[in-house]
Amino acid sequence: MSKQSSPNTTSKGHTEKKSFDYMNPTVPGELPLFDIPLVKATPESLQGFGTVVTDYMSHPVEIVQWPAQGWRKIDAGTGDEAGHLDGIFEFWWEGDVLLGQNMAVNDRYILGWSEQPGQASRTNSTPDRSQLLIWHANYHPDGAQLFYPLDNKPFIAALAKTGDDMKPEDWVAFYCDGSFGLCIHPGIWHEAITPLSQKSRFYDKQGAVHARVSCNFTEEFGVFLRIPLTPPSE
């Protein structure tokens, strides 16, 4: 997939200074679990969180204008010109561990575990994939983010829409059957997509600024959020 500019090429030092080591998260081996409710994703249930995507090449991905620093306004037509990045976002399981690689922004992540991290193994040959325990989430203040399943396999997206005062009880997990994608609004908390298969590939499109505001649930709330990985009854 093409993109307007290569991410993080202006300063190698910038790419090395990140708030989290996503491939080696510092989390306790065991914590209480906070259950997230699961609902079926529909245009109605997603209101306020995002939109259903059927044509991912033409679906609009909102860019938010750079905020004014004082009483003077940002000039019209400026502050939202960085455009988009796009590429492939892959997700795959290794034993009890879910990993992801976002090629649009050249980053890799451990997204969560199917067991408490202290018990999880990347070499487990018989994992129980009925749940995902997540430690982290973020939102993008500068733009939306689109995910579309290129293999048309079911997936789950956990989202919250309550701003910086977000709490675990604000989260909802949305089950998607693989026949459509999601475009998550700017400012909506999310962890990346959770596939219900061993491996899944998504088309990803997002704002090129790619600002992230993050939360580490283990530090702020003393829990892992538990996402159910089974289809809802209805």
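Up top you'll find the structure we're talking about.
Residues numbered from 1 in each chain as written. Predicted model: local features only at pLDDT ≥ 70, side-chain atom pairs only at ≥ 80, totals over all residues. Heavy atoms only, no water.

Undergrad: Account for empty space enclosed by the protein, with residues named and values stated.
TA: Over the atoms rolls a probe the size of a water molecule, and its path tells where empty space is left. For the coordinates displayed, the defined rule picks out two cavities of 30 Å³ or more. For the lining of the largest cavity, the elements supplying multiple residues, two or more each, are strand S6 (107-113), strand S8 (136-139) and strand S9 (145-149). In terms of residue class, the lining of the largest cavity is made up of eight nonpolar, eight polar and two charged. Taken as a whole, the second largest cavity holds about 30 Å³ of empty space. Classifying every residue of the lining of the second largest cavity gives four nonpolar, five polar and no charged. (1 Å grid on protein atoms, 1.4 Å probe; cavity = no way out; pocket = protein on both sides within 12 Å on 5 of 7 lines; lining within 4 Å. Points joined across faces, edges and corners; volume = space filled by probe spheres on them. Helix = DSSP H or I, 4+ residues; strand = E, 2+ residues; numbered from the N terminus. Nonpolar A, V, L, I, M, F, W, Y, C, P; charged D, E, K, R; others polar.)

Undergrad: Outline the nonpolar core, listing residues and values.
TA: Core analysis: the biggest nonpolar cluster contains 55 residues, and Phe-91, Trp-171, Trp-189, Phe-217 and Ile-227 have the highest contact counts within it. Considering each element in turn, this core owes the most residues, six residues, to strand S10 (residues 155-160). Excluding anything up to four places from it in sequence, Phe-217 contacts Ile-134, Trp-135, His-136, Ala-137, Met-166, Trp-171, Gly-222, Val-223 and Leu-225. By size, the runner-up hydrophobic cluster in this structure holds eight residues, among which are Val-61, Ala-144, Leu-146 and Cys-183. (Core = buried A, V, L, I, M, F, W, Y, C linked by side-chain atoms within 4.5 Å. Buried < 20%, exposed > 50% of the residue type's maximum accessible area, 1.4 Å probe, protein only. Contact = heavy atoms within 4.5 Å.)

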